[in-house]
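Architecture at a glance
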Amino acid sequence: MAVPPFRPTPGQAPKDPAMSLPPKPTAPQGATAPGVTMPPRPTGRPAPAERRTLVVGKGISLQGTVTDAERLVVDGTVESQMIQAQELQITHSGVFKGEVQVDDAEIAGVFDGTLTARNSLTIRATGRVLGVARTRKLSVEEGGQLSGRMEMLTEGQASAPMGAPAAPQPAMAPQYAAPNLAPERY
């Protein structure tokens, strides 16, 4: 079915499209009122709209390595050997399989693999973490599940660079010194 082209009503001249749009507001250029200063822009993390965000939508499946995303939102399925980002968010319908290193993670769906959250890990009521989870701060809502091995990072391990593997935690079994089998000499 074709749509006929737009034709102006008889007796009306076509308007210039640029003239029919309202003017855009302009930001003040330069000086402000005397004695008034603009607050400095925060230098910490950029606003969520300014950060590089990768969203894997519902029904989408992604396999591979993500290296330059600052924030990863998983609403579909992701399978990866190693993902490094600042923030990981898995929604209630999201599934992540593989290995990830992030600053902060929020899990409301399923994570299956090795998760290293250098700052905080939040498992929501609908969230399930299977495998190995390492973090400095852990928060689990009622109903959230953690199955596998949990390792709490120390301040030194949490501040390690992204590419450096976390130092292994000491074994839970007691360690004994090896016996001295050398004969005694008097």
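Residues numbered from 1 in each chain as written. Predicted model: local features only at pLDDT ≥ 70, side-chain atom pairs only at ≥ 80, totals over all residues. Heavy atoms only, no water.

So, on to the overall build of the protein. Along its length, the protein carries 2 helices and 9 strands. In sequence order, the protein lays out its α and β elements as α-β-β-β-β-β-β-β-β-β-α. Counting all 186 residues of the protein, 26% fall into the buried class. Pairs at least 24 apart in sequence give 9% of the contacts found in the protein among residues at least 6 apart. Summing over all exposed atoms, the protein offers an accessible surface of approximately 13400 Å²; the carbon and sulfur share of this is 58%. (Helix = DSSP H or I, 4+ residues; strand = E, 2+ residues; numbered from the N terminus. Buried < 20%, exposed > 50% of the residue type's maximum accessible area, 1.4 Å probe, protein only. Contact = heavy atoms within 4.5 Å. Areas by Shrake-Rupley, 256 points an atom, 1.4 Å probe, with all protein chains shown as cover.)

What follows is about the pattern of salt bridges. Counted by the stated rule, this structure contains 7 salt bridges. Connected through shared salt-bridge partners, Glu106, Arg124 and Glu141 make up one network. (Salt bridge = Lys/Arg side-chain N within 4 Å of Asp/Glu carboxyl O.)

A cluster of nonpolar side chains, contributed by Leu138, Val140, Leu146 and Met152, occupies part of the molecular surface with about 290 Å² of accessible area. Counting residues per element, the ones that place at least two in the nonpolar patch are strand E8 (128-140) and strand E9 (145-152). Residue position: Met152 is located in strand E9. By relative accessible area, which is 38% here, Met152 ends up partly exposed. (Patch = residues over 30% accessible without salt bridge, like charges linked within 9 Å, V, L, I, M, F, W, Y side chains within 5 Å.)

Tracing the sequence through the fold places Asp75 in the loop between strand E3 (71-74) and strand E4 (77-84). Considering only alpha carbons, one finds Asp75 and Gly59, 16 residues apart in sequence, at a separation of 7.9 Å. In terms of polar contacts, Asp75 uses its side chain to reach the side chain of Thr91, at 2.4 Å. In this structure the side chain of Asp75 is engaged in a polar contact, spanning 2.6 Å, whose partner is the side chain of Ser93. (Polar contact = N/O pair within 3.5 Å; in protein donor to acceptor, adjacent residues only side chain to side chain.)

With that out of the way, let us pick up the nonpolar core. Residues Leu88, Phe96, Ile107, Phe111 and Leu115 are the most contacted members of the largest nonpolar core, which totals 22 residues. When residues of this core are traced back to their parent elements, those giving at least two are E3, E4, strand E5 (87-90), strand E6 (95-107), strand E7 (110-123) and E8. Not counting residues within four places of it along the chain, the set of residues in contact with Ile107 comprises Leu88, Ile90, Leu115, Leu121, Thr122, Ile123, Arg124, Gly127, Arg128 and Val129. (Core = buried A, V, L, I, M, F, W, Y, C linked by side-chain atoms within 4.5 Å.)

Assignment of secondary structure puts Thr116 in strand E7. There is a polar contact of 3.3 Å between the side chain of Thr116 and the side chain of Arg134. With sequence-adjacent residues up to four places away left out, Thr116 is seen in contact with Val100, Gln101, Val102, Arg134 and Leu153.

With that out of the way, let us pick up the environment of Val56. Tracing the backbone through its elements, the reader meets Val56 in strand E1 (residues 53-56). Along the chain, Val56 and Thr77 lie 21 residues apart, while their C-alpha atoms are 7.3 Å from each other.

Another point: the packing of aromatic side chains. For the coordinates displayed, the defined rule picks out 1 aromatic pair. Taken together, a centroid distance of 5.1 Å and an interplanar angle of 5 degrees make the contact between Phe96 and Phe111 stacked. With Phe96 in strand E6 and Phe111 in strand E7, the pair connects residues that are 15 residues apart, well separated along the chain. Side by side, Phe96 and Phe111 carry an identical accessibility label, which is buried. (Phe/Tyr/Trp six-rings, centres within 6.5 Å; stacked < 30°, edge-to-face > 60°.)

Interpretation of the predicted coordinates at a detailed level should be avoided for regions scoring low in pLDDT. Of all residues in the protein, 56% have pLDDT values of 70 or greater, and the mean over the chain is 76. The element-level mean pLDDT for the protein is lowest in helix H1 (residues 17-20), coming to 52, with E7 highest at 96. (pLDDT = per-residue confidence, 0-100.)

Now for the pairing of E7. Moving residue by residue along a regular strand, the side chains alternate between the two faces of the sheet. Here E6 runs beside E7; their pairing, made up of 12 bridges, is parallel. Across the sheet, the residue bridging to Glu106 is Thr122, located in E7. When E7 meets E8, the two strands line up parallel, connected through 12 bridges. The partner of Thr116 across the bridge, within E8, is Arg134. (Pairing = 2+ DSSP bridges.)

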